[in-house]
Amino acid sequence: MTHRKALIDRVATAYREAYGEPPEQIVGAPGRVNLIGEHCDYNDGLVLPCAIDRETMIAIGAGSDGAIRVRSADFSKDGDAFVANAPVVPADTDWKNHVRGVAHFMQRRGIDLPSVNLAIAGNLPIGVGLSSSASLGVAVALALALRSGADLKCADFAHLAQQAENDFVGCACGIMDQMASACGEAGTALLVDCRSLERRAIPIADGLAIVIIDSGIRRTLTDSPFNARRSECEAAAAHYGIPALRDLDTETLVRQRSDLDDALFRRARHVVTEIDRVHEAIDALATTDLTTLSELMRASHRSLRDDFEVSIPPIDALVSSIAAIVGDRGGVRMTGAGFGGCLVAIVAAEAADEICGRIIEESSGMADISTSAAIYEPSAGARLIDW
Ligand code: GLA
């Protein structure tokens, strides 16, 4: 059985167990891996993530008594319930707040929410930087839009999920994860301009494979310095008198530095150079230019480690040992917010299986790390599942 089919069965079973009848519909929204363009989204910059073939699914059916009822197959069994068309307030649990937050912001758009029953299940690892949270929020937005008949586009789902995460969960995340989860297209990466929200599907050449390495080191964004990094970027932008670091170029960065604090200067330098690397990666991805991709990923990791300071020593060690395994067959770097989580490697497709095998074999001897590595397919964004 494929992992997708297994998830459909699990979410449908969870629904049946909770509500005593089969669901009427199932929606899915994928996680994402960011290929390059890290910590650029909340600086209005460019990012290049791709949706992956692991996701959150929601089984849906008609509810009763004007309530939205929610069960999760993966989290607390107690579930949640709130009134569809009364003010929604945060609960005490993150997963519930992704749902409540989306409902709240849909109400704020004037959408009449119907009474529905929802059951949630996912096959994304949690807290590793593959956007299980964003995929949950996007799936909820799609589910509630379908049932309310609201005419929303994929970028609206992304916004609703981000607003829920910002205001109900307390993470000042940008829009990248939700955009990839909502608007991804199979076989491609998604270039997003996080100011205009313009997006373009960037082909990933057949000769390339995406390998995700889970370091086994877990973190949550709300208790990491993620929100602090965002404030530092805003402070650096204020120093340069610009709306966001996206508006800075390398020359101005240096020329107008004056008394800017060293850490803030380095945060700004990361964002400026990382946006340049996104531009360069686009052609390299489409033409299987492994040399350029490898150099860009190396430079991105170095910048995240030294300038943005979101890597940690065991992740740096893992990146070095995987770079040695990959050699001239691709590139590797940390991906996502940092402070643990996953690495992404873009490698020659023909070598991908062997590379995954060697990563697992060699990392089994590394202290404090339990690593997995697998090939992931660039996948379509949120959609109604045909089951
Ligand atoms: C997390 C956030 C995103 C983005 C990345 C870093 O995944 O949710 O908005 O800022 O970190 O690129």
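Before any of the text, the structure's been laid out above.
This one's a predicted model, so the numbers in the text were calculated from it and none came from an experiment.

The rules behind the values
Residues numbered from 1 in each chain as written. Predicted model: local features only at pLDDT ≥ 70, side-chain atom pairs only at ≥ 80, totals over all residues. Heavy atoms only, no water. Helix = DSSP H or I, 4+ residues; strand = E, 2+ residues; numbered from the N terminus. Rg over C-alpha atoms; globule rule 2.2 N^0.38 Å. Buried < 20%, exposed > 50% of the residue type's maximum accessible area, 1.4 Å probe, protein only. Contact = heavy atoms within 4.5 Å. Areas by Shrake-Rupley, 256 points an atom, 1.4 Å probe, with all protein chains shown as cover. Lys, Arg positive; Asp, Glu negative; His and termini not counted. Charge placed at Lys NZ, Arg CZ, Asp CG, Glu CD. Near = heavy atom within 4 Å. Polar contact = N/O pair within 3.5 Å; in protein donor to acceptor, adjacent residues only side chain to side chain. Nonpolar A, V, L, I, M, F, W, Y, C, P; charged D, E, K, R; others polar. Axes fitted to C-alpha atoms, helices over the stretch in contact; angles between N-to-C directions. Parallel < 35°, antiparallel > 145°, perpendicular 65-115°, else oblique. Left-handed = near helix turned anticlockwise from the far one by under 90°. Pairing = 2+ DSSP bridges. Disulfide = S-S within 2.5 Å. Core = buried A, V, L, I, M, F, W, Y, C linked by side-chain atoms within 4.5 Å.

Explain the overall build of the protein to me, please; I cannot follow it from the model alone.
Across its full length, the protein holds eleven helices and twelve strands. Taking 21 Å as the expected radius of gyration for a compact globule of 387 residues, we find that the protein reaches 21 Å, a close match to that expectation. Across its three principal directions, the C-alpha atoms of the protein cover 60 × 50 × 35 Å. Within the protein, the proportion of its 387 residues that are buried is 58%. A sequence separation of at least 24 residues applies to 72% of the contacts in the protein between residues at least 6 apart. Just so you have it, the protein exposes about 14900 Å², and 49% of that area is on carbon and sulfur atoms. Counting 36 positive and 54 negative side-chain charges, the protein places the centres of these two groups 2 Å from one another.

Just to check I follow, could you spell out the site of the ligand for this structure?
Taken together, 13 residues form the shell around the ligand, and within it Glu-38, His-39, Asp-41, Gly-174 and Asp-177 come nearest. In this structure, Arg-32 approaches the ligand through a side-chain N or O atom, which is 3.0 Å from an oxygen atom. Glu-38 has a polar side-chain atom sitting 2.6 Å from an oxygen atom of the ligand. For the ligand, whose free accessible area comes to 300 Å², the fraction covered by protein is 98%. Looking at side-chain class alone, the shell around the ligand contains six nonpolar, three polar and four charged residues.

Looking at this structure, how should I read the packing of helix α8 (residues 262–286) against helix α9 (residues 290–306)?
Think of two packed helices as two axes; the pair is described by the angle between the axes and how far apart they sit. Where α8 contacts α9, the axes come no closer than 10 Å and their chain directions differ by 165 degrees. As far as their axial angle goes, α9 and α8 are roughly antiparallel. As for the relative orientation of α8 and α9, their crossing is left-handed in sense. Between α8 and α9, the contacting residues are Arg-266, His-270, Thr-273, Glu-274, Arg-277, Glu-280, Ala-281, Ala-284 and Leu-285 on the first element and Thr-292, Leu-293, Leu-296, Ala-299, Ser-300, Ser-303, Leu-304 and Asp-306 on the second. Looking at side-chain class alone, the contact of α8 with α9 contains seven nonpolar, five polar and five charged residues.

Is there a simple way to think about the pairing of strand β9 (residues 330–334) in this case?
A regular strand places its side chains so that they alternate between the two faces of the sheet. Burial analysis of β9 places five of its five residues in the buried class, which makes it a mostly covered element. Pairing between β9 and strand β10 (residues 342–348): five bridges, direction antiparallel. Its bridge partner being in β10, Val-332 is matched across the sheet by Ala-345.

Explanation requested: the environment of Ala-201 in the structure shown.
In this fold, Ala-201 is placed in strand β7 (residues 199–203). For Ala-201, a relative accessible area of 27% corresponds to the partly exposed category. Residues contacting Ala-201, with those up to four places away along its chain left out, are Glu-185, Thr-188 and Ala-189.

What is the right way to look at the sheet that holds strand β11 (residues 372–376) in this model?
What links the strands of a sheet is backbone hydrogen bonding, and the strands pair in either a parallel or an antiparallel sense. Across the sheet, four strands lie side by side as β9-β10-β8-β11; this open sheet has antiparallel pairing. A strand with exactly one partner marks an edge of an open sheet, and here the two such strands are β9 and β11. Between one strand axis and the next, the sheet turns by 20 degrees as a mean value, whatever way the strands run. Pairing geometry for strand β8 (residues 208–214) and β10, over seven bridges, is antiparallel. Across the sheet, Ile-213 pairs through a bridge with Leu-343, a residue of β10. Each of β8, β9 and β10 is contacted by helix α10 (residues 313–326), which is oriented at about 175 degrees to β9, the strand it contacts most.

Please clarify how the state of the cysteines should be interpreted in this entry.
Disulfide: a covalent bond formed between the sulfur atoms of two cysteine residues. Here the structure, examined in full by the defined rule, presents one disulfide. Linked covalently through their sulfurs, Cys-154 and Cys-183 form a disulfide whose S-S length is 2.2 Å. Negative torsions about the S-S bond denote left-handed disulfides, and the value of about 110 degrees found for Cys-154 with Cys-183 makes this one right-handed. Of this pair, Cys-154 sits in helix α4 (residues 154–169) while Cys-183 sits in helix α5 (residues 176–183), and the two are 29 residues apart along the sequence. Across this residue pair, the class does not change: Cys-154 and Cys-183 are buried. Free of any disulfide, Cys-40 has its nearest neighbouring cysteine sulfur in Cys-194, separated by 8.1 Å. There is no disulfide at Cys-50, and the cysteine sulfur nearest it, in Cys-342, is 13 Å away.

So what exactly am I meant to see when it comes to the environment of Leu-142 here?
Mapped onto the elements, Leu-142 comes out in helix α3 (residues 132–148). In sequence terms Leu-142 and Gly-28 are 114 residues apart; their C-alpha atoms lie 8.6 Å from each other. Once residues within four sequence positions are removed from consideration, Leu-142 is found in contact with Val-27, Gly-28, Phe-157, Ala-382, Arg-383 and Leu-384.

Looking at this model, I keep getting lost on the nonpolar core. Mind explaining?
It is characteristic of soluble globular proteins that their nonpolar side chains tend to be buried jointly. In terms of nonpolar packing, the biggest core is built from 127 residues, with Leu-48, Ile-213 and Leu-285 touching the most fellow members. Among the elements that take part in this core, α8 stands out by supplying eleven residues, more than any other. When neighbours within four sequence positions are excluded, Leu-285 is seen to be in contact with Leu-35, Leu-48, Ala-189, Ile-202, Pro-203, Ile-204, Ala-205, Leu-208, Leu-293 and Ile-346. Leu-7, Ala-12, Ile-26 and Met-57 belong to the second-largest nonpolar core, a separate cluster that totals 13 residues.

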